[in-house]
Amino acid sequence: MLTLFHQRFYKYFVRVLLFVFRKMGIFQDKTELYFAYGANLGTDRYKQNDIPFFDEGSARKINYEINFTLPCHYLGKGYANIQKVEGEGAPRYAYGRLYRISKLGLLYLDIIERVPNNYYRRDKIQFEEKNSGYIVEAWCYVACNPRKNLCPPKAYLNYMQEKSKEFNFPTNYQDYL
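Scope of this entry: the structure provided in the associated data block. (Residues numbered from 1 in each chain as written. Predicted model: local features only at pLDDT ≥ 70, side-chain atom pairs only at ≥ 80, totals over all residues. Heavy atoms only, no water.)

### Concerning the pattern of salt bridges
So, point 1. Tallied over the entire structure, the rule returns ten salt bridges.
So, point 2. Taking the shortest distance from any N to any O, the salt bridge between glutamate 113 and arginine 45 comes out at 3.8 Å. Pair noted here: glutamate 113 is in the loop between helix H3 (103–112) and strand E6 (120–129) and arginine 45 is in helix H2 (residues 44–48), with a separation of 68 residues, a long-range link.
So, point 3. Owing to a relative accessible area of 12%, glutamate 113 belongs among the buried residues under this scheme.
So, point 4. Within this structure, Glu32, Lys103 and Lys124 form a network of salt bridges that share partners. (Salt bridge = Lys/Arg side-chain N within 4 Å of Asp/Glu carboxyl O. Helix = DSSP H or I, 4+ residues; strand = E, 2+ residues; numbered from the N terminus. Buried < 20%, exposed > 50% of the residue type's maximum accessible area, 1.4 Å probe, protein only.)

Rendered as structure tokens:
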């Protein structure tokens, strides 16, 4: 119970700071590059939570895939996760979006992605920018205890499919989702 109280306290405290900074027109100078997939794929998530951001474009990670292995509160359902794919055959890619966000914004994402509760961990991973082909290092959330054979909630999957089309991810990736 105390952990839940602390999580909510920090969440709302950071949220208030983000709101105040936005109202004052302050964008924190120290920013981080973040690879978004799943619920954080679109810009609406950042706008809703007063997280200042710059959209840096699409990116991908070779020999990784997005799957639904993070258990959620719906029985048998799971949220998105990025995992390394082992095996032979054609290379697979995990597609997402790169955002430059403030460190305070990243801290807020840690809270809503439940990093303190070991749902996700935040790892620094190298990604390939879609347009330039440059390799960049960005933060990414990875499930701590993935489970197989989970299905995404319908609204969640629809959101990911909608954003994949909006950001022109390859058709085979859109079909995969």
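### Digging into the environment of lysine 61
So, point 1. If you trace the backbone, lysine 61 turns up in strand E2 (residues 53–62).
So, point 2. For lysine 61 and lysine 130, which are 69 residues apart along the polypeptide, the C-alpha to C-alpha distance reads 9.8 Å.
So, point 3. Contacts of lysine 61, omitting those with residues within four sequence positions, involve Arg92, Tyr93, Ala94, Ile125, Gln126 and Phe127.
So, point 4. One polar contact links the side chain of lysine 61 to the main-chain carbonyl oxygen of glutamine 126, over a distance of 3.0 Å. (Contact = heavy atoms within 4.5 Å. Polar contact = N/O pair within 3.5 Å; in protein donor to acceptor, adjacent residues only side chain to side chain.)

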